[in-house]
Amino acid sequence: MDQLDKLSNLPTGVTHQILSYLPIKQAVRTSILSSDWRYKWAQLPCLVFDDKSRYPIAKVVDHVLLLHSGRIDTFKLSTFNYPAARDIDKWIAHLSRNNVKVFVLKVWELQPPYNVFSGFFSFKDLTHLELCNCLLKPPTTFKGFRMLKSLHLQEVKVSGNVLGKLIACCPQLERIILCDLKGITDVTIDAPSIRFLKVQGSFEDVLLANTLNLVDVSIDWKQRSTISSGKLLRYFFELPRIERLTLKDGFLEYAVGSLTKKLLPKPCLCLNFLSIRIRLNNLDEILTAIHLMRSAPALQELDILVRKGEETNDGGATYCLSDKQNWEFTQLQRVKVTGFSGVKAEVDFIKFLLLTSPGRQELEISFYQDVEKKDFSWLDDNQKTCAFTQLRVVKVTGFSGVKAEVDFIRFLLSSTSQMLERVILQPASAKVSWELFKLLPAFKRDSLHADLKLLDPSSPVQYSDDSSSDSDSDMDY
C-alpha cells in the first residue's frame, strides 16, 4: 500500500491557509516539493509583496501575476523600491478582472506620489482600502465603493471636496483612518455606519455629520485651532454611542476654554475610556481635563501622557485641585500615567485622582526617561496622611532609583490599605535592577499585605494574577 502523502491531500482551503503565512517568495518555493505542489501557490487568494526578495519588486509582482491562476481576494504591496507608475497601472488593470476585496498600496517616499490609475475605481467589491503616498483623483463617473468598510489614507494628496465625496459614496464605511494628508485643510466626515475614526495631521477643521454610530475616536491635531478644537470636542459629547476618546498632541491645549462650568455639554453616558496629553502644571489644561471627565459619568479608564511645559511655582494648579476634592469620578477603575517625573504638580494631580475615584483599583505609572534625573522630595505632612483605600494593583515602570521615585513609591504603598494585592516594579535598565532589589525590603514594610513583583527590564509589562506566566527573569518578593 502506497504511503499517503498527507500534506498533498489536505483540503484546498487548509493548503491556502498554510501558504498564506509564508512570504510570497517562500510560498513560490513550495513548487519544488512535488508535482502536486507545483502550482498550489498560484491559486493563493491573498498576495502580499514587500522588499524582502533580492529581485526587483516589479519583476516579482509581474512573475506572480503572470502565473497566478486562481481568484485574488487580497493584494498588498509595500515597497521603498519605487516601481514605475506604468507597472502599478498594469497590475491594477490585471486585478480589475478579479473581485478584489482588500487592496493595500504603500509606495513609500516615491516622488512624485503615484497617481492612482483610473481603472482602480472599478473595484466594486472592495471592503478594505489602504493607500500611502498616492494622488487620489477619481474620475467624474465614480459612484463610490458600495461595499467598502475600512478606509486608511496616509500621506495621500487629495482635495477636501474629493475626500468628502469619496467617504459619502461609501455607505458601509465603519472604519476611517486619515493620517498626514496633503493638499487639504478641512475634512468632512459624512458616514452613517462609521464606528472608528482616527484623524492625524495639520487640519484647520474636522466636520462630523451623520456620524451618530461612532464608538471610538482618536484625534492627533497638529494645527493650532482653538475654535475648531473646542467645537469638535463638544460635538463628541453629542455622539450617543461614543465609548473611547483619544486626544493626542496639543489638542487639549487648543480646546482650553471650550469646556467650563457654564459650557459643559450634556453627559456622555457611554464614554468609558479617555486618553489625553496634558501639561499637569498648566491650570487651564487641568480644568479642561477635569470638566471633560465630569462630563463622562461612565468613565472607567483614564490614560494620561504628561506633556512637559515650563516649570511654574504659583501653586494655582495645586489650589484648584484641593478645592475640587469633593468631586467624584465614581466609575473610574484604572489610571495610567506615562511620562511621570515626580514633580509636585504631577503628584498633586495623581493624588487628586486617587482621592476622588472611590472605585479605582489599578494605577500604572511610567517614569519619564529622557530627562536629567534630579534628587528632590515633594513629600510633606499633608501628602503623608493620604489614604487610598480601594487601590488593589500598583505598577511602576521606568524606575531609575532617584529619591523622587523612591519617595513616590513609598508614599503610594504606605497610603494604601489591606486591599492592595499586587505591586509590580520594573527598572529602566539592568543597571538599576540591583538598586531596586535592595529597596524591596523597605517597600515590603510599607505594604505588608501586597505581593511585590520585580520585573526584568526587558520583559513586557502586563497585568496578570496568573503566577504560572512568570518568566525566570522575574522575581516575587
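Structure's up top.
Computed from a predicted structure; not experimentally measured. (Residues numbered from 1 in each chain as written. Predicted model: local features only at pLDDT ≥ 70, side-chain atom pairs only at ≥ 80, totals over all residues. Heavy atoms only, no water.)

1. Things to note about helix H3 (residues 57–67)
Okay, so step 1: Those residues of H3 not exposed but buried are Ile57, Ala58, Val60, Val61, Val64 and Leu65. Each buried residue of H3 sits inside an arc of 165° when the element is viewed along its axis, so together they form one side. Those residues of H3 that are exposed and aimed more than 90 degrees away from the buried face are Lys59 and Leu66. (Buried < 20%, exposed > 50% of the residue type's maximum accessible area, 1.4 Å probe, protein only. Helix = DSSP H or I, 4+ residues; strand = E, 2+ residues; numbered from the N terminus. Arc of directions from axis to C-beta.)

2. Section: the nonpolar core
Side chains of a nonpolar character, in soluble globular proteins, are inclined to be buried together.
Okay, so step 1: Core analysis: the largest hydrophobic core is formed by 122 residues, its most contacted members being Phe103, Phe120, Leu131, Phe145, Ile189 and Phe236.
Okay, so step 2: Apart from the residues lying within four places of it in its own chain, the contact partners of Leu131 are Phe103, Leu105, Val116, Leu136, His152, Leu153, Gln154 and Val156. (Core = buried A, V, L, I, M, F, W, Y, C linked by side-chain atoms within 4.5 Å. Contact = heavy atoms within 4.5 Å.)

3. Let's talk about unusual backbone geometry
Okay, so step 1: A positive phi angle, near 60°, is found at Asn133, a position not held by glycine.
Okay, so step 2: Structurally, the position occupied by Asn133 is in the loop between strand S5 (128–132) and strand S6 (134–135).
Okay, so step 3: Note on Asn133: relative accessible area 2%, which makes it buried.
Okay, so step 4: Phi is positive for Asn210, which is not a glycine, with a value near 60°.

4. Description of the side chain of Lys106
Okay, so step 1: The topology assignment puts Lys106 in strand S3 (residues 102–107).
Okay, so step 2: A distance of 3.1 Å separates the side chain of Lys106 from the side chain of Glu130, its partner in a polar contact. (Polar contact = N/O pair within 3.5 Å; in protein donor to acceptor, adjacent residues only side chain to side chain.)

5. Overview of the packing of H3 against helix H4 (residues 85–95)
Okay, so step 1: Between H3 and H4, the least distance of the axes is 11 Å, while the angle of their chain directions is 20°. Classified by the interaxial angle, the pair formed by H3 and H4 is roughly parallel. The chirality of how H3 crosses H4 is left-handed. From H3, Ala58, Val61, Asp62 and Leu65 reach across to H4, where they touch Asp87, Lys90, Trp91 and His94.
Okay, so step 2: Its residues placed into classes, the contact of H3 with H4 shows four nonpolar, one polar and three charged. (Axes fitted to C-alpha atoms, helices over the stretch in contact; angles between N-to-C directions. Parallel < 35°, antiparallel > 145°, perpendicular 65-115°, else oblique. Left-handed = near helix turned anticlockwise from the far one by under 90°. Nonpolar A, V, L, I, M, F, W, Y, C, P; charged D, E, K, R; others polar.)

Nothing here speaks to function; it is all geometry.
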